[in-house]
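Tertiary structure, described
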Number of protein chains: 4
Amino acid sequence: MALSVEKTTSGREYKVKDMSQADFGRLEIELAEVEMPGLMACRTEFGPSQPFKGARISGSLHMTIQTAVLIETLTALGAEVRWCSCNIFSTQDHAASAIARDSAAVFAWKGETLQEYWWCTDRCLDWGVGGGPDLIVDDGGDATLLIHEGVKAEEEYEKTGKLPDPASTDNAEFQIVLGLIRDGLKSDPKRFQKMKQRLVGVSEETTTGVKRLYQMQANGTLLFPAINVNDSVTKSKFDNLYGCRHSLPDGLMRATDVMIAGKVSVVCGYGDVGKGCAAALKQAGSRVIVTEIDPICALQALMEGIPVRTLEDVVSEADIFVTTTGNKDIIMVDHMKKMKNNAIVCNIGHFDNEIDMMGLENYPGVKRITIKPQTDRWVFPENNSGIIVLAEGRLMNLGCATGHPSFVMSCSFTNQVIAQLELWKERATGKYEKKVYVLPKHLDEKVAALHLGKLGAKLTKLTPDQAEYISVPAEGPYKPAHYRY
Amino acid sequence: MALSVEKTTSGREYKVKDMSQADFGRLEIELAEVEMPGLMACRTEFGPSQPFKGARISGSLHMTIQTAVLIETLTALGAEVRWCSCNIFSTQDHAASAIARDSAAVFAWKGETLQEYWWCTDRCLDWGVGGGPDLIVDDGGDATLLIHEGVKAEEEYEKTGKLPDPASTDNAEFQIVLGLIRDGLKSDPKRFQKMKQRLVGVSEETTTGVKRLYQMQANGTLLFPAINVNDSVTKSKFDNLYGCRHSLPDGLMRATDVMIAGKVSVVCGYGDVGKGCAAALKQAGSRVIVTEIDPICALQALMEGIPVRTLEDVVSEADIFVTTTGNKDIIMVDHMKKMKNNAIVCNIGHFDNEIDMMGLENYPGVKRITIKPQTDRWVFPENNSGIIVLAEGRLMNLGCATGHPSFVMSCSFTNQVIAQLELWKERATGKYEKKVYVLPKHLDEKVAALHLGKLGAKLTKLTPDQAEYISVPAEGPYKPAHYRY
Amino acid sequence: MALSVEKTTSGREYKVKDMSQADFGRLEIELAEVEMPGLMACRTEFGPSQPFKGARISGSLHMTIQTAVLIETLTALGAEVRWCSCNIFSTQDHAASAIARDSAAVFAWKGETLQEYWWCTDRCLDWGVGGGPDLIVDDGGDATLLIHEGVKAEEEYEKTGKLPDPASTDNAEFQIVLGLIRDGLKSDPKRFQKMKQRLVGVSEETTTGVKRLYQMQANGTLLFPAINVNDSVTKSKFDNLYGCRHSLPDGLMRATDVMIAGKVSVVCGYGDVGKGCAAALKQAGSRVIVTEIDPICALQALMEGIPVRTLEDVVSEADIFVTTTGNKDIIMVDHMKKMKNNAIVCNIGHFDNEIDMMGLENYPGVKRITIKPQTDRWVFPENNSGIIVLAEGRLMNLGCATGHPSFVMSCSFTNQVIAQLELWKERATGKYEKKVYVLPKHLDEKVAALHLGKLGAKLTKLTPDQAEYISVPAEGPYKPAHYRY
Amino acid sequence: MALSVEKTTSGREYKVKDMSQADFGRLEIELAEVEMPGLMACRTEFGPSQPFKGARISGSLHMTIQTAVLIETLTALGAEVRWCSCNIFSTQDHAASAIARDSAAVFAWKGETLQEYWWCTDRCLDWGVGGGPDLIVDDGGDATLLIHEGVKAEEEYEKTGKLPDPASTDNAEFQIVLGLIRDGLKSDPKRFQKMKQRLVGVSEETTTGVKRLYQMQANGTLLFPAINVNDSVTKSKFDNLYGCRHSLPDGLMRATDVMIAGKVSVVCGYGDVGKGCAAALKQAGSRVIVTEIDPICALQALMEGIPVRTLEDVVSEADIFVTTTGNKDIIMVDHMKKMKNNAIVCNIGHFDNEIDMMGLENYPGVKRITIKPQTDRWVFPENNSGIIVLAEGRLMNLGCATGHPSFVMSCSFTNQVIAQLELWKERATGKYEKKVYVLPKHLDEKVAALHLGKLGAKLTKLTPDQAEYISVPAEGPYKPAHYRY
């Protein structure tokens, strides 16, 4: 795509694939609203007081139908919003166009190149004169990363006159980031520092992004307050677990139509995401094997009847491989060579480096046959045997299906809204330092409570006597902070 | 589409949506071959002797990728083949075009009108000069029906000069059938009788089609031998059960992206199809309710922890409704009016008359909003509340997803191939009368055996002593005919 | 125990372990009645007309609490009853004593020797002057066997003067049978022939017993009509499947307290019993492996995510072994030697010859350590490694626990009552020849229907129009005979 | 039982039911050792250095076979041990006698009165001259409670001369505690204060006991350091969850033989214990309903397909009721009156006050019929309808079955051993203040690791590069403290 910003008749900037899909997107957004009671409750509760009046929010988060409902919740509460996707394949183009037409500045389409991806991220942060956003909604931390790298480079440039050098790294993606910062430096050597100054904070929703934030906190390099939404119970134990339990088989079926029953599956990692994946595969009739580094998670798998093996030991017996680790170098090209013909390899954990895509692409004589977008058969020259890689090693549930369903995303996104409200409300009070915070338990419980009615649930109420007996307030919070659910 | 037959450069007739999808179809056919060990084993075992040499086979069966592998198995065994789909939404256009280009005469596309559907069926049976097919592969019995109705009309016309009168029936689809026969009668008043004479037999693979055959047998009106493939264990207890367990959630997810976990589902009917659907929904975290007429099936549901209620009692509490009965008038418009907003209504059982589509369409003031093809929201005027109907009430796994996965279809289709081989081999021996037959148990066991290797299974062998002890041949068949599995 | 018949004050014969347990037995019988709606409904429906007036019924069937409710249903319908157990370990002594005290002549206790067992069976058939029973309720066919062997021996003796020779067989149990017949022959050389003449028929409820009956029918040696209750759907697909799903883990836990989660289990055989066992183990968190001879059952296991292997391949990896085959020589002493220390070996299928108990007992140097009754550790001399054998290789759910729960036995036993009623009603009409019959489907459906209310189920009713559409009577039966459920 | 201490020939004190069961106990202890790899590994690792040399350990914890292996692990590491049970029904008499004979001073039998219970607890703490224990292993906190109440009373007495007055409380059990302290005060008014001085600390393993400790910490009344073993992941997420998943159905089946399939169950509370119970019941074919106060746990239930209702709404529909809350007054006599005839009511959570036993016993005209020990039918006079209460409202898995299986208890108890080692090692360092501590994560992971080999698991190892990428040590601990598993 030509990388130029377009404008709606009302003057709002955007860059999406196809504006003609906006009506379709709107219809699906309306369906999703019925499935997202937490977000709709936020509109009802907070909409009238317009708490985000005056706030600029930039979001870097899969531009899906569900995200559209999040965005329109933020705007319903008074915010101005700019958005990009946090994954090159995860945008749903009809969602992007509906939002671009009706509600916010969107820069996202399904199938961006890495160059395009970072251009979009940059546009999302670009509020024109007066600098950047007040608040960031982040997923994976790329928006936060860009600002931190930008500030670092500007400070280095100020001190030493040295521009960032893409050649200084092997990582193809990071080369693009450095290039982008370098090019910007020339026109505005204070751009990211101005952003930093304006920024009230970020709320981040993935394990990976949160890990980066805690590292920066530990290193003392975090530039603004952060709320870790990922570790809300109503996020990590819902979205990660139940979301993946839904969207892993969805992605497998849409991409390959393969019968899961009877097959042998290997799930690398048995954290929340792995637990959801293993449950889904097992229930569909697959024999599941787990690989783990952590003995506690390993013992949990065993208690569910799932054997724990190493990848090496099972690589040639399995039909389906799923990475869920949040780590890198999980399935290497040497593993892939030993797999059965048409074994399926996919990632639902984190970046595409869980799978050694680089090693695969560079394997001498390897042949790539694209069955359809996001579904490639790679054939090794030695034995003419192929494997099927989904979504080019990126998140397969977003690349091959439509991501997590609305209901579970409503839990995650209600946490986001509440975190954003909190950051914005306390912007001048100093309550939040340049640290990483989690939401207090009563807000976590509130998010859950907002989702019960839709499913017809009715809670029991503690009597004062019972509440005293177990030493909790009758209206909650009910559990100590360390409770594991 | 303009209803005119096209021809390949080699002169083969066809009518499909888009020949440019043939390459894509071929790639998916190649993937499916790896998942269909039963069919591939037939090619290996029977291909060299070309047993179908000289046989014309007409098939009326969902024109999917899996069916493509069936068709090319038949041609690999020497047959000439013509094909149509048995459902207006079930064709996969890339499969149809690959077969049309490479292997057989195909008349099928996704989204036929009823008029087009019967035109395709008619083309499929039309082998030009010399009449019709030698063998029919049927699914639902529409090809068989057309011939039986055709013969009946010709005989009536011969006797009384009366042409069939579409106005004599309320059923819109049957009006089309009668019209088609009437129009044909004028040009060739013996066409269907000639077909009947040539026909060696039919193999039929659904409960519904089989039921029709047994009725015709009971009435003495069956015109040629029939093999009931549906009641092979390796069909009814696999395709119906495990196939639907896979394809029901697939269809739901592709059509609506709805989160199944937490929802209340009603499965109407707890036969093999219903069992598969209920299992899938339960495993995905839905609370399932079953409706049943048969106390034995009802008690089975209860033993699995599934309550048995009437539709009337639960219609306003549930989120998802699935019909699997093989009967008509299961979910009526009066039910639909009482449902929750955006309740999902779909059919995976049989014809679209399981759901009262006619009643819905004719409901005064009802509004149909097409979200995307096969996903319609119908809004009632009284309360502005809508329901979501999938695949216009037709088989949702074929309309909204890609039908059953290859592996389970390999079981069903290997039964088809074996049945066709049997009918053709015995065409002159009189072994098969104008009755309905099932395949003998040893062939059923053979179909299963052909699918074990792919899944890494290893059978135990009976010792002669053990075989004698339980009075079965050491090499099978192992079970009495009445065994229920 | 001293083998002498005792008498109640009312003069009824019995031999049980401990009459003081009768009150306890009565309490549990009363609890069971609430769980056995089918039997209680028979009392309500048939009790007033006393259809068994004048009938003598001998039963050879596990003398449990549930059987007590069966016996008292038979007596409530007017029958006189004598009873023995069909397994040396399966009697519940409190049940036996309550029945002996209150209702019928019982000869049964937990832990009979084989000698005692056959003495009990003999007593059960011994109605004093006037010969034997009118009807037999059989489980496993031992009562039927004794009569058939008795008649054979008497006829041989009549013809040749030859007495049966226990030394003519290796089978220790059959030696006892022959000895018993031989001893009887001397005092009454026509006893079994008189029995045969009086006998109206038998109803038999296990796979094993039914197999024997069909063999006798095939050989033309069946002496009286038999109703195969085992193949009622409401028996084989309920008792075998759901009963074992309940009672296998119950037996394992009572006998060994072993944690099932995390363990590797091998289920030999994947018929109805094996399916129930595998489901229970899998749900409890065990990794289950199945062995099978039948490719169809093997493919069913695979579709549920259960691998199919041979015993040889897995014998040294597994923790729990369960035989469910109905065949002999499944787990041999050579297998047992290779098992892990404290592997559990048990049988829930059929006779104790599924496990090579003879081979184990005769193994040189083997040491048997009885942990508690029915739980033995057998230590091999080579490696001092032991295995744990339950119930001496006999049915572990009856030996180590209390058999199947009341509710599922209500289904089986209601079939028994209906079969007995049918045989008795038709005793003079010649309807039943010396053949094996199954109950008609409408009675099978009736048995199911009688059990729905207890579980709160509500059936849907067919409209006349729907009934006609699918060509079944609106009130059933709903399925063709070959339907597999 | 006469409350007098007995002595073994070697002079060790004890009071158990029946010393002749010691051999049986020993056999089961030997079986359990094979299932408790964590404890056996402790013996191997620490046994040689005798770290508990000189330490007196008093334990108040269900005196079962598994606890016997714990006790003998403590003695194998050099400790002297005295033991009592923490529940009047949970002792396994054969385990108690084997330990009393071979290893430690035991005061425990199945079916203690409350008076006997507290006598046993008192004996367990009574180390003769020189005061009390160095360390306490506690479960539920009764030993800790007795010391705290004792110290409080002694201090009060010192100050005011006032003796504790049993009449000052309604709670029948607390009356006994006060009486016991009062009687002791007369003979030794410093007894508990001396104990307090000697005490190094306590390790506590239940939610209930831990809650009390945190309250005392909050109130500043905690008298010695405490390690909260309950909140080790390898305890709360294993014992509570998987233990109850095993032992709930075990208790139900042993107590009532009721068929779980088809029944409606209500699980009050969906914490770890409730999750295990609900999973077990669901898998056994029951329809499960959950009651909850906490919206997060409620939403978890819903995601598993389990409806959340109030007890009032479902009390008359359900067949089985299980309390798991850790709170009081969950099922009141007014609920019980409305239940179906023979509904089963039991508690697996905490004290018997989860069920209103007092209300039941005092209900006018209520009749108690003891079916067998721990299984009572209570009949209401109004409608002659009864309910079945297990274990008199106390923990039914311990009262009606044998508690949790060895393997899962090995996890819990290995935590206990490690905690005791830690307290003892640091007894003089001041590391532990009068506060509540949890074990560090690397010890938690170690406990898990010790249990993997038995189940055949193999862990994956992080490469240094991967470890750095996710910022954890390659050898663990792998997760942040707040991780929820």
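As recorded in an unreviewed UniProt entry, chain A goes by the name Adenosylhomocysteinase, listed as coming from Cinnamomum micranthum f. kanehirae. Check the Sequence similarities (unreviewed entry) section of the UniProt entry for chain A; it says "Belongs to the adenosylhomocysteinase family."

Turning next to the overall build of chain A. A count of helical and extended segments in chain A gives 20 helices and 16 strands. Taken against the 2.2 N^0.38 rule, which gives 23 Å for 485 residues, the C-alpha radius of gyration of chain A at 23 Å falls within 12% of a compact globule. In terms of principal-axis extent, the alpha carbons of chain A reach across some 70 × 65 × 45 Å. Considering chain A as a whole, with its 485 residues, one finds that 67% of them fall into the buried category. Across chain A, every contact between residues at least 6 apart in sequence was considered, and the portion connecting residues at least 24 apart equals 71%. For chain A, the computed accessible surface area is about 16,100 Å², with 52% contributed by carbon and sulfur atoms.

Moving on to the interface of chain B and chain C. Taken residue by residue, the interface counts 67 residues in chain B and 67 residues in chain C. Buried area between chain B and chain C, both sides added, is near 6,200 Å², and the carbon and sulfur share of it is 58%. Counting the contacts that link chain B with chain C gives eight salt bridges. One salt bridge in this structure joins B:Asp465 and C:Lys328, with 3.0 Å as the shortest N-O distance.

Next up on the list: the relation of the copies chain A and chain C. Each copy superposes on the other: chain A lies on chain C with an RMSD of 0.0 Å after a rotation of 180° and an axial shift of 0.0 Å. On this basis, the relationship between the two copies can be described by a two-fold rotation axis. Residue A:Arg287 of chain A places its C-alpha closer to the rotation axis than any other residue of that unit, at 4.7 Å. Of the residues that chain A buries at the interface, 100% are likewise interface residues in chain C, meaning the two copies contact each other through the same surface.

Interface size is commonly expressed as the accessible surface area that is lost when the partners come together. Between chain A and chain C, the residue contacts involve 12 residues of the former and 12 residues of the latter. Each partner contributes to the roughly 870 Å² buried at the junction of chain A and chain C, and carbon and sulfur atoms together form 66% of this total. Inspection of the chain A/chain C interface yields zero salt bridges.

Another point: the confidence of the model for chain A. Here chain A averages 96 in pLDDT, while 100% of its residues score no lower than 70. Two numbers describe this predicted complex: its pTM, 0.96, and its ipTM, 0.95.

Residues and elements named next belong to chain A. For helix α9 (residues 207-219), with 13 residues, the first-to-last C-alpha span of 18 Å sits near the 18 Å given by 1.5 Å per residue. Those residues of α9 not exposed but buried are Thr-208, Gly-209, Val-210, Leu-213 and Met-216. Turning to α9, the residues buried within the fold contact α6 (142-160), β7 (201-204), β8 (226-228) and β16 (436-438). Count one or two residues on from α9 and you reach Gly-220, which has phi positive near 75°.

What counts as what
Residues numbered from 1 in each chain as written. Chains lettered and ligands numbered in written order. Predicted model: local features only at pLDDT ≥ 70, side-chain atom pairs only at ≥ 80, totals over all residues. Heavy atoms only, no water. UniProt positions renumbered as here; feature names shortened; annotations may be inferred. Helix = DSSP H or I, 4+ residues; strand = E, 2+ residues; numbered from the N terminus. Rg over C-alpha atoms; globule rule 2.2 N^0.38 Å. Buried < 20%, exposed > 50% of the residue type's maximum accessible area, 1.4 Å probe, protein only. Contact = heavy atoms within 4.5 Å. Areas by Shrake-Rupley, 256 points an atom, 1.4 Å probe, with all protein chains shown as cover. Buried area = accessible area lost by both parts, 1.4 Å probe. Salt bridge = Lys/Arg side-chain N within 4 Å of Asp/Glu carboxyl O. Least-squares fit on C-alpha atoms with pLDDT ≥ 70 in both. pLDDT = per-residue confidence, 0-100. Expected span 1.5 Å × (residues − 1).

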